[in-house]
There are 6 protein chains.
Amino acid sequence: MVYITRREHFNAAHKLFKEDWSDQKNMEIFGKCSNPNWHGHNYDLFVTVKGEPNPTTGFVIDLKKLSKLINVLVIDKLDHKNLNLDVDFMKGRMASTEVLAIAIWEQIAPALKLEGSELHSVKLYETENNYVEYFG
Amino acid sequence: MVYITRREHFNAAHKLFKEDWSDQKNMEIFGKCSNPNWHGHNYDLFVTVKGEPNPTTGFVIDLKKLSKLINVLVIDKLDHKNLNLDVDFMKGRMASTEVLAIAIWEQIAPALKLEGSELHSVKLYETENNYVEYFG
Amino acid sequence: MVYITRREHFNAAHKLFKEDWSDQKNMEIFGKCSNPNWHGHNYDLFVTVKGEPNPTTGFVIDLKKLSKLINVLVIDKLDHKNLNLDVDFMKGRMASTEVLAIAIWEQIAPALKLEGSELHSVKLYETENNYVEYFG
Amino acid sequence: MVYITRREHFNAAHKLFKEDWSDQKNMEIFGKCSNPNWHGHNYDLFVTVKGEPNPTTGFVIDLKKLSKLINVLVIDKLDHKNLNLDVDFMKGRMASTEVLAIAIWEQIAPALKLEGSELHSVKLYETENNYVEYFG
Amino acid sequence: MVYITRREHFNAAHKLFKEDWSDQKNMEIFGKCSNPNWHGHNYDLFVTVKGEPNPTTGFVIDLKKLSKLINVLVIDKLDHKNLNLDVDFMKGRMASTEVLAIAIWEQIAPALKLEGSELHSVKLYETENNYVEYFG
Amino acid sequence: MVYITRREHFNAAHKLFKEDWSDQKNMEIFGKCSNPNWHGHNYDLFVTVKGEPNPTTGFVIDLKKLSKLINVLVIDKLDHKNLNLDVDFMKGRMASTEVLAIAIWEQIAPALKLEGSELHSVKLYETENNYVEYFG
């Protein structure tokens, strides 16, 4: 079994904020991440697929196909977008790195399965100082 | 003459957008950077001061003082903020990396002069693929 | 289950050296790492906590709390210190990256447990060319 | 159990190409990676060994010995070489990152075993945007 | 005057080799870089343009246009290519980083001038340990 | 004129400390950098040489020779050493990054001149957050 990883990027705005809380309570729980006027990040996304290399091509998966699949299913919906307002698969969910990593898994895993590939992990960097990993 | 540089970070939302243009014209000129609902970045800021090392301390400038000055004058106003809406020194200006680098210079240079130090450059990364430098 | 990681830094001096060995024997076993006058590193520490995101906040753990806990329990004791001489939890132990990673785990794991969180791993970079991981 | 990792580099030329296919078919399957005149990469190799730290030295393995072993067994054969033409252990195999990672494992694992150490993983970066991991 | 930089990548094969020298003499002068079967690198290219920000857009240059110009004029000709065999503007020239940086300048500078922009520098990384800068 | 840069590393211990001051005064001026028991860093050194590429080799300078010169003259004296105690060319000087960069210039510039090369700059990173540049 070999694990192969592709990195993609997106830049997005978000806030950590509960609509039914006061600004003051949001500030207590989420600190400056609750700024009502938003802030944003350069996100780095690492998608790992596992499998045995095809004996003819030497590939677990064609990285161009993997990149295209990630771009169509998640990057195009996230890049230069507002995670709270613009993204169909984040509607009604907290825009935390944890929840976003799970949501990205949910978008990618079934499509990879259809292609005969198996998603192993989603790793999402919000800053150089913090990242999240999800294995399904 | 020795040049010493301090790196600081901030995460912010912005958009490239002219209020007196239609959304369509903004899209033509600024592309996806004009998303009305904002997007954002992890900015990396490099501030360079030049001077001769103090013969007693070996310092051109005390980096803790430089860091504090940068944080009070610019980082506290930019971090987890919206560059178009929340930042006094960006009011009425385009939130491009170029304009932001000039604005940061204007905030820092006079304060450094008062301290007897000379600002050499402001270098501002918007992503790992693009950055701006300004020398006054 | 989601895994979330926080990066922290510290700069420290150390040597690899057994007091009951001659300088020559220390040099044979530890090479230039045994320099009696010390050397040092910029250490990068990655602490990973695992858990399910809280349905209200979307957090596995509040990263500000995690960062504070790491700083109080380990960074404040290690940063700008001598690992062999200044650090209570390293007394009598070899100051290798392996042993230091285990010692950091021992400091952090019980405190995280008290907070209701579960430590998954400690990853410690000594240089860009070598790092250690410990999972308890 | 502690996991310790050493990073090494090599720069090499390769192509993804099947001799019994036409150039056109190679282009269909492998795209620009099939350029008959070769292309190349700066490869980053991370070799991870697992074990318990020696109570005297604090080492899972002496990194200088690990580095030397990796250099003699794989780097010297790969660095500034053509992966398809010059490397004995890649003869007749596709020069994909997946296959190369497996081949590196096969070179290193038995030698480490002889030294009483256990190889845990080989991680191989072809570019900053893609890497492969193999665990035996 | 503001300086703005765009990073692009390419992966290429090359060798340092003079056809009219013996393999032995090439090895004496160029070492393992003269391997007749080629080796290769992931090149990082930083192109810096200088100018005053346009008062309407806040741009010195539209980075999308700059990126497209660099890609059409140099990246498309260099990426996944052999620098000695495949690149029109390197024909008959040594494939050293110095010469390549000058050749890239020559490709880009006139085209930027036609667009009303001024090229300031070309910075080319061959590995993380060496790079070249050219200012015309 | 082309500028070519070589990166080298060293790991060293130091403290910022004046012997004729009390520990308390050292703490006031130098903060935790004055820890009497030392601390340390992974230093990254970038040495830039300028010149015209040799028409035969395409080299401004042979990077292997440059690397060897830097290693013999400075790295071997600095790596795994104590900057205050072990380094002949730092005796009696503050071990600040500024002073160290100047001292490295003084070691390298004359030797490069003898080889017919011209040193352009020394850039020295103490941490990822601060570095110094010196141009003679």
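Residues numbered from 1 in each chain as written. Chains lettered and ligands numbered in written order. Predicted model: local features only at pLDDT ≥ 70, side-chain atom pairs only at ≥ 80, totals over all residues. Heavy atoms only, no water.

A.B. asks: Sorry if this is basic, but what is going on with the interface of chain D and chain E here?
C.D. replies: Buried accessible area, meaning the area lost when the parts come together, often serves as the stated size of an interface. Counting residues at the interface gives 23 residues for chain D and 23 residues for chain E. Buried surface at the junction of chain D and chain E, summed over both partners, amounts to about 1,800 Å²; 45% is from carbon and sulfur atoms. Sorting the residues of chain D by area buried against chain E places Asn37, Asn42 and His80 of chain D first, and these three jointly supply 31% of that buried surface. Where chain D meets chain E, there are four salt bridges. Across the pair lysine 32 of chain E and aspartate 79 of chain D runs a salt bridge whose closest N-O atoms are separated by 2.7 Å. (Contact = heavy atoms within 4.5 Å. Buried area = accessible area lost by both parts, 1.4 Å probe. Salt bridge = Lys/Arg side-chain N within 4 Å of Asp/Glu carboxyl O.)

A.B. asks: Can you walk me through the pattern of salt bridges in this structure?
C.D. replies: Pairing of side chains with opposite charge becomes possible as their charged atoms draw close. Counted according to the given criterion, the structure contains 48 salt bridges over all chains. When the shortest N-O distance is used, the salt bridge between aspartate 88 of chain C and lysine 77 of chain C registers 3.3 Å. In this pair, aspartate 88 of chain C sits in the loop between strand S3 (81-82) and helix H3 (97-114) while lysine 77 of chain C sits in helix H2 (residues 63-78), placing the two residues 11 residues apart along the sequence. By relative accessible area, which is 48% here, aspartate 88 of chain C ends up partly exposed. By sharing partners, the salt bridges in this structure join Arg7 and Asp44 of chain A, Glu128 of chain B, Glu128 of chain D together with Arg7 and Asp44 of chain E into a single network. (Helix = DSSP H or I, 4+ residues; strand = E, 2+ residues; numbered from the N terminus. Buried < 20%, exposed > 50% of the residue type's maximum accessible area, 1.4 Å probe, protein only.)

A.B. asks: Explain the pairing of strand S2 (residues 39-51) of chain E here, please?
C.D. replies: Walk down a regular strand and you will see the side chains alternate between the two sheet faces. Residue and element names in this part refer to chain E. Burial within S2 is extensive, with 12 of its 13 residues counted as buried. In this structure, strand S1 (residues 2-14) lies alongside S2, joined through 13 bridges in antiparallel fashion. By the bridge assignment, glutamate 8 is partnered in S2 with leucine 45. Both S2 and strand S4 (residues 118-127) contribute to a ladder of seven bridges, which runs antiparallel. By the bridge assignment, leucine 45 is partnered in S4 with leucine 124. (Pairing = 2+ DSSP bridges.)

A.B. asks: How should the side chain of asparagine 35 of chain A be read in this particular structure?
C.D. replies: With respect to the secondary-structure elements, asparagine 35 of chain A resides in the loop between helix H1 (23-30) and strand S2 (39-51). Leaving out residues up to four positions away in the same chain, asparagine 35 of chain A has contacts with Lys15 of chain A together with His80, Lys81, Asn82 and Asp86 of chain B.

A.B. asks: How should the relation of the copies chain B and chain F be read in this particular structure?
C.D. replies: Copy one and copy two of the chain differ by a rotation about an axis and a translation along that axis. Overlay of chain B on chain F (RMSD 0.0 Å): rotation 120°, translation along the axis 0.0 Å. Read as a symmetry element, the transformation amounts to a three-fold axis. By C-alpha distance to the rotation axis, the residue of chain B lying nearest is glutamate 128 of chain B, at 8.7 Å. (Least-squares fit on C-alpha atoms with pLDDT ≥ 70 in both.)

A.B. asks: Help me understand the relation of the copies chain D and chain E, please; the structure alone is not making it clear to me.
C.D. replies: Superposing chain D onto chain E requires a rotation of 180° together with a translation of 0.0 Å along the rotation axis, leaving an RMSD of 0.0 Å. The transformation relating the two chain copies, once decomposed into turn and shift, fits a two-fold axis. Same-surface contact between copies: 100% of interface residues of chain D are shared with the interface of chain E.

A.B. asks: Would you explain the interface of chain B and chain F in this entry?
C.D. replies: Each side of the interface is counted separately: chain B has 19 residues, and chain F has 19 residues. For the pair chain B and chain F, the two sides together bury roughly 1,600 Å², of which 56% comes from carbon and sulfur. Viewed at the interface, chain F and chain B are joined by one salt bridge. Residue glutamate 128 of chain F pairs with arginine 7 of chain B through a salt bridge whose shortest N-O separation is 3.3 Å. Every element with two or more residues in the side of chain B that touches chain F is listed here: strand S1 (2-14) and helix H2 (63-78) of chain B. Among the residues making up the side of chain B that touches chain F, the classes are represented as 10 nonpolar, five polar and four charged. Strand direction decides the pairing type here: S1 of chain B and strand S5 (residues 130-134) of chain F, joined by five bridges, are antiparallel. Of the residues in S5 of chain F, the one forming a bridge with isoleucine 4 of chain B is valine 132 of chain F. (Nonpolar A, V, L, I, M, F, W, Y, C, P; charged D, E, K, R; others polar.)

A.B. asks: What's the story with the environment of asparagine 26 of chain B in this structure? I'm lost.
C.D. replies: Residues and elements named next belong to chain B. Relative to the assigned elements, asparagine 26 resides in helix H1 (residues 23-30). Here the alpha-carbon distance between asparagine 26 and proline 36, two residues 10 residues apart in the chain, equals 9.4 Å. Ignoring sequence-local partners within four residues, the contact set of asparagine 26 consists of Leu16, Phe17, Lys18, Trp21, Gly31 and Ser34.

A.B. asks: Would you mind showing me how to read the packing of H2 of chain B against helix H3 (residues 97-114) of chain B here?
C.D. replies: Helix packing for two helices is described by the angle between their axes and how far apart those axes are. Residues and elements named next belong to chain B. At their nearest, the axes of H2 and H3 sit 10 Å apart, and the two run at 140° to each other. Judged by the angle between their axes, H2 and H3 are oblique. In this structure, H2 crosses over H3, and the sense of that crossing is right-handed. Along its contact with H2, which presents Leu66, Leu69, Ile70, Leu73, Val74, Lys77 and Leu78, the element H3 presents Leu100, Ile104, Gln107, Ile108, Ala111 and Leu112. A per-class count over the contact of H2 with H3 returns 11 nonpolar, one polar and one charged. (Axes fitted to C-alpha atoms, helices over the stretch in contact; angles between N-to-C directions. Parallel < 35°, antiparallel > 145°, perpendicular 65-115°, else oblique. Left-handed = near helix turned anticlockwise from the far one by under 90°.)

A.B. asks: Help me understand helix H2 (residues 63-78) of chain E, please; the structure alone is not making it clear to me.
C.D. replies: It helps to recall that an α-helix has 3.6 residues per turn; residues three or four apart then point in one direction. Maximal helix bending in H2 of chain E amounts to about 50°, located at asparagine 71 of chain E. All of the buried residues along H2 of chain E are Leu63, Leu66, Ser67, Leu69, Ile70, Val74, Ile75 and Leu78 of chain E. Against the buried residues of H2 of chain E lie strand S5 (130-134) of chain B together with S1, S2, strand S3 (81-82) and helix H3 (97-114) of chain E. N-cap assignment for H2 of chain E: the residue whose side-chain oxygen lies 2.9 Å from the backbone N of lysine 64 of chain E is aspartate 62 of chain E. Phi turns positive, to about 60°, at histidine 80 of chain E, one or two residues after H2 of chain E. (Bend = angle between axes of the 7 residues up to and from the residue. Polar contact = N/O pair within 3.5 Å; in protein donor to acceptor, adjacent residues only side chain to side chain.)

A.B. asks: Is there a simple way to think about the environment of lysine 50 of chain B in this case?
C.D. replies: Residue and element names in this part refer to chain B. Within the element layout of this structure, lysine 50 appears in strand S2 (residues 39-51). For the pair lysine 50 and isoleucine 4, spaced 46 residues apart in sequence, the C-alpha to C-alpha distance is 6.3 Å. Here lysine 50 is in contact with Met1, Val2, Tyr3, Val60, Glu118 and His120, once residues within four sequence places are set aside.

A.B. asks: What is the right way to read the nonpolar core from this model?
C.D. replies: A general tendency of soluble globular proteins is for nonpolar side chains to be buried together. The biggest cluster of nonpolar side chains holds 131 residues, and the ones touching the most others in it are Leu45 and Leu100 of chain B, Leu45 and Leu100 of chain E together with Leu45 and Leu100 of chain F. Those residues in contact with leucine 45 of chain E, other than ones at most four positions away along the chain, are Arg6, Arg7, Glu8, Phe10, Ile70, Val74, Ile75, Ile104, Val122, Lys123 and Leu124 of chain E. (Core = buried A, V, L, I, M, F, W, Y, C linked by side-chain atoms within 4.5 Å.)

A.B. asks: Could you clarify how one ought to interpret the packing of aromatic side chains in this entry?
C.D. replies: Describing an aromatic ring pair means giving the distance of the ring centres and the angle of the ring planes. For the structure on display, the rule yields 48 aromatic pairs over all chains. With 5.6 Å between their ring centres and 80° between their planes, tryptophan 105 of chain C and tyrosine 134 of chain C make a pair best called edge-to-face. On the criterion of sequence distance, the pair formed by tryptophan 105 of chain C in helix H3 and tyrosine 134 of chain C in strand S5 (residues 130-134) is long-range, its members being 29 residues apart. Ring-pair connections join several aromatic residues into one group, and the members of that group are Phe46, Tyr125 and Tyr131 of chain A, Phe46, Tyr125 and Tyr131 of chain C together with Phe46, Tyr125 and Tyr131 of chain D. Directly above the ring of tyrosine 131 of chain A sits lysine 123 of chain A, whose terminal nitrogen or CZ lies 4.6 Å from the centroid. (Phe/Tyr/Trp six-rings, centres within 6.5 Å; stacked < 30°, edge-to-face > 60°. Lys NZ or Arg CZ within 6 Å of the ring centre and 35° of its normal.)

A.B. asks: I would appreciate a short explanation of unusual backbone geometry in the present structure.
C.D. replies: Negative phi values dominate among residues other than glycine, just as trans dominates among peptide bonds. Positive phi, close to 75°, is recorded for tryptophan 38 of chain D, a residue that is not glycine. Relative to the helices and strands, tryptophan 38 of chain D is located in the loop between helix H1 (23-30) and strand S2 (39-51). When its relative accessible area of 10% is taken as the criterion, tryptophan 38 of chain D is described as buried. In this structure, histidine 80 of chain E is a non-glycine residue whose phi angle is positive, near 60°. With respect to the helices and strands, histidine 80 of chain E occurs in the loop between H2 and S3. Of the residues examined, histidine 80 of chain E reaches a relative accessible area of 7% and is grouped as buried.

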